[in-house]
Amino acid sequence: MTSEFRSLPSVNAVLSDWRVQKLVDEYSHGAMLELVRAKLHDARGVIACGGEAPGLDDLVADVAGDTASLWRPRPSQVINATGVVLHTNLGRAPLSGEAVEAARLAAAGYADLELDLETGRRGSRQAQVSRLLRQLTGAEAAVAVNNNASALLIGLSAVASGKEVIVSRGEAIEIGGGFRIPDVMRQSGGALVEVGTTNRTYARDFEEAITDDTAAILSAHASNFRVTGFTHSPTIDDLAELGRRRGIPVLHDLGSGCLLDTTQFGLAREPRPQDSVAAGVSLSFFSGDKLLGGPQAGIIIGGRSLVDTVSRHPLARAVRIDKLSLASLAATLAHYLKGEAVEKIPVWRMIAEPRDSLRERASDWAAHLGGGAAVAEGLSTVGGGSLPGETLPTSLLSLRASNAADLASRLRRASPPVIARVKDAAVVLDPRTVLHDQDDALLAVVRGCLAEG
Ligand SMILES: *Cc1c(COP(=O)(O)O)cnc(C)c1O
């Protein structure tokens, strides 16, 4: 063992190797010194447990591998071949070319973020996005914040602090990542009043719970689960009518921000912000990066005076949206205005991609890869807190491998990483969520990983 310790290269030997010197030039002496020391520390641990000392080449390769992964910018691009269109772990919605360009321009220089170019006076960062949202949804007023969780938090804080909010027992839900309606309510200072039962709640349950302390009725869309069987819940129209009759604001957490009719794609009907506005809902909340297909954002639309109350709340500054998101959100919303959402917005293009096109791409991939690759029928999902349980028929590239989990792991660690699914001992890749200009990169990675295996 002593001789193993003795044969371990010194810090200086590793650091002065020409390959490591190139990294010292790129990063810094201090950063590389720390990394080399850590590697030698690990190696001494291995030797102490009876292992062999790594050679200089091994250490250099290890150090180089670590610099590449430790200090690369993250998050960086991966290829989503899972067939889950809105994959929260993969950053939800990819942006349209126009939305990317808008964010790039806003980022690379100065921007008219809070300057009215006409008057030369201070303007609102919300002006453009607010105008577009009003036009698209018919709402009187609109404001964008950091994400939908913060939209709900500020909305409830502004409307319900110190008062009661009536929620159906079936909608006191967890949205994910530990974000629960009852907890948000507590944070906002509002008191949750649950009515009805887990499976059946009626408008009259809400009505009977109204007291002098009632600040609002809240309806939250069950975006990530489905209750089936003996169920009932009042429609948003019923609740809006009740709210109007009793003078109580009705708040609607829509989740996805779906501006298109999803039934045209063979999917269940996802509630739309414009329908909530038409029903007379006081405030609606939704995400920017789910079915809206834009950047992370939370959007609040509704009547002018309530939206103003929300905008003036002290939390508004804490949940403020940044200029990059605003620019790309405005560019995304413009696609809807121009009637080009399905062609331009990636999530809609993916959802709308015809069966023939998917089959052709999967077949092309299989043909390029040869033996071991086949086309199989399968299902894509929308995911990301939208349309739970809904699927879209697709064609998959199926790769047979002696160890499917191992192949999936090699694909994941490739450059660019390819995220696939393992199904019935095969690795399957769904063309639906692979951007068309990523097809060649995907094939190169798959070919490389199959050759390794
Ligand atoms: C996704 C979702 C949220 C949270 O939205 P984020 O934009 O992720 O903060 C809130 N409510 C519902 C119903 C959701 O589906």
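Residues numbered from 1 in each chain as written. Predicted model: local features only at pLDDT ≥ 70, side-chain atom pairs only at ≥ 80, totals over all residues. Heavy atoms only, no water.

Student: How would you explain the site of the ligand if you had to name every residue and give the values?
Tutor: Inspection of the region around the ligand gives R92, N147, N148, A149, I175, H221, S223, D253, G255, S287, K290 and G385 as its neighbouring residues. The side chain of R92 places a nitrogen or oxygen atom 2.9 Å from an oxygen atom of the ligand. Taking 390 Å² as the accessible area of the ligand by itself, protein coverage stands at 93%. Where the shell around the ligand is concerned, the elements lending two or more residues are helix 8 (148-160) and strand 8 (250-255). Of the residues that constitute the shell around the ligand, the class distribution is two nonpolar, seven polar and three charged. (Near = heavy atom within 4 Å. Polar contact = N/O pair within 3.5 Å; in protein donor to acceptor, adjacent residues only side chain to side chain. Areas by Shrake-Rupley, 256 points an atom, 1.4 Å probe, with all protein chains shown as cover. Helix = DSSP H or I, 4+ residues; strand = E, 2+ residues; numbered from the N terminus. Nonpolar A, V, L, I, M, F, W, Y, C, P; charged D, E, K, R; others polar.)

Student: Describe the domain arrangement of the protein chain, listing the residues and the values that go with them.
Tutor: It is common to give the size of an interface as the accessible area lost on bringing the parts into contact. Each assigned domain of the protein chain is listed with its residue range as follows: domain 1 (2-71), domain 2 (79-89 + 347-452) and domain 3 (95-344). Of note, the centres of domain 1 and domain 2, computed from C-alpha atoms alone, are 37 Å apart. (Domains from an automatic or database assignment.)

Student: Pulling in residues and values, what's your account of the pairing of strand 3 (residues 164-168)?
Tutor: Counting buried positions along strand 3 gives four out of five residues, so the element sits mostly inside the fold. The pairing of strand 3 with strand 6 (residues 191-195) spans five bridges and is classified as parallel. Across the sheet, the residue bridging to S168 is V195, located in strand 6. As judged from the four bridges shared by strand 3 and strand 7 (residues 214-220), these two strands associate in the parallel manner. Within strand 7, the residue paired with V165 across the bridge is A216. (Buried < 20%, exposed > 50% of the residue type's maximum accessible area, 1.4 Å probe, protein only. Pairing = 2+ DSSP bridges.)

Student: Summarise helix 9 (residues 181-188); cite the residues concerned and give the values.
Tutor: Buried within helix 9 we find I181, V184, M185 and S188. Down the axis of helix 9, the buried side of the element spans an arc of 105°, and every buried residue falls inside it. Along helix 9, the residues that are exposed and aim more than 90 degrees away from the buried face are R186 and Q187. Looking one or two residues beyond helix 9, the residue adopting positive phi is G189, at roughly 85°. (Arc of directions from axis to C-beta.)

Student: Could you give an account of the packing of helix 8 against helix 9, with specific residues and numbers?
Tutor: Close contact between helix 8 and helix 9 brings their axes to 8 Å; oriented N to C, the two are set at 50°. If you check the angle between helix 8 and helix 9, you find them oblique. The chirality of how helix 8 crosses helix 9 is right-handed. For the pair helix 8 and helix 9, the contacting residues are L152, L153, L156 and S157 in the first and I181, V184, M185, Q187 and S188 in the second. (Axes fitted to C-alpha atoms, helices over the stretch in contact; angles between N-to-C directions. Parallel < 35°, antiparallel > 145°, perpendicular 65-115°, else oblique. Left-handed = near helix turned anticlockwise from the far one by under 90°. Contact = heavy atoms within 4.5 Å.)

Student: I'd like a description of the packing of aromatic side chains, backed by residues and values.
Tutor: By convention here, two paired aromatic rings are described through the distance between centres and the angle between planes. All told, the structure shown has two aromatic pairs when counted by the stated rule. Residues Y27 and W71 carry aromatic rings whose centres are separated by 4.8 Å and whose planes lie at 50° to one another, so their mutual orientation is tilted. Taken together, the residues span a long stretch of sequence, with Y27 in the loop between helix 3 (18-26) and helix 4 (29-48) and W71 in the loop between helix 5 (56-70) and strand 1 (79-80) at a distance of 44 residues. Taking the relative accessible area as the measure of exposure, Y27 reaches 31% and is therefore partly exposed. When its relative accessible area of 34% is taken as the criterion, W71 is described as partly exposed. Lying over the aromatic face of F230, R200 brings its terminal NZ or CZ to 3.8 Å of the ring centre. (Phe/Tyr/Trp six-rings, centres within 6.5 Å; stacked < 30°, edge-to-face > 60°. Lys NZ or Arg CZ within 6 Å of the ring centre and 35° of its normal.)

Student: An account of the sheet that holds strand 14 (residues 421-423) is needed here, citing residue identities and associated values.
Tutor: Read across the open sheet, the four strands follow the order 11-12-15-14; overall the sheet is antiparallel. Strands at the two margins of the open sheet, each flanked by one partner only, are strand 11 (373-381) and strand 14. Put simply, the sheet's adjacent strands are angled 45° from each other on average, direction ignored. Note that strand 11 and strand 12 (residues 391-400) share nine bridges and pair antiparallel. Paired with E377 across the two strands is S395, which belongs to strand 12. The strands that helix 19 (residues 404-412) touches are strand 12, strand 14 and strand 15 (426-429); relative to strand 15, the one it contacts most, it runs at about 40°.

Student: Explain the pattern of salt bridges to me, using residue names and the numbers behind them.
Tutor: The full count for this structure, using the stated rule, is 24 salt bridges. Between D261 and R269 there is a salt bridge; the shortest N-O distance is 3.6 Å. Owing to a relative accessible area of 26%, D261 belongs among the partly exposed residues under this scheme. A cluster of three or more residues bridged by salt bridges with shared partners is formed by E207, E241, R245 and R246. (Salt bridge = Lys/Arg side-chain N within 4 Å of Asp/Glu carboxyl O.)

Student: Describe helix 11 (residues 236-246), naming the residues involved and giving the relevant values.
Tutor: Each full turn of the α-helix corresponds to 3.6 residues, which orients residues three or four apart in the same direction. Here helix 11 has its buried residues at I236, L239, A240, L242 and G243. In an axial view of helix 11, the angular spread of the buried residues amounts to 160°, which keeps them on one side of the axis. As for helix 11, its buried residues are in contact with helix 10 (203-209), strand 7, strand 8 and helix 12 (273-279). A positive phi of about 70° marks G247, the residue just after helix 11.

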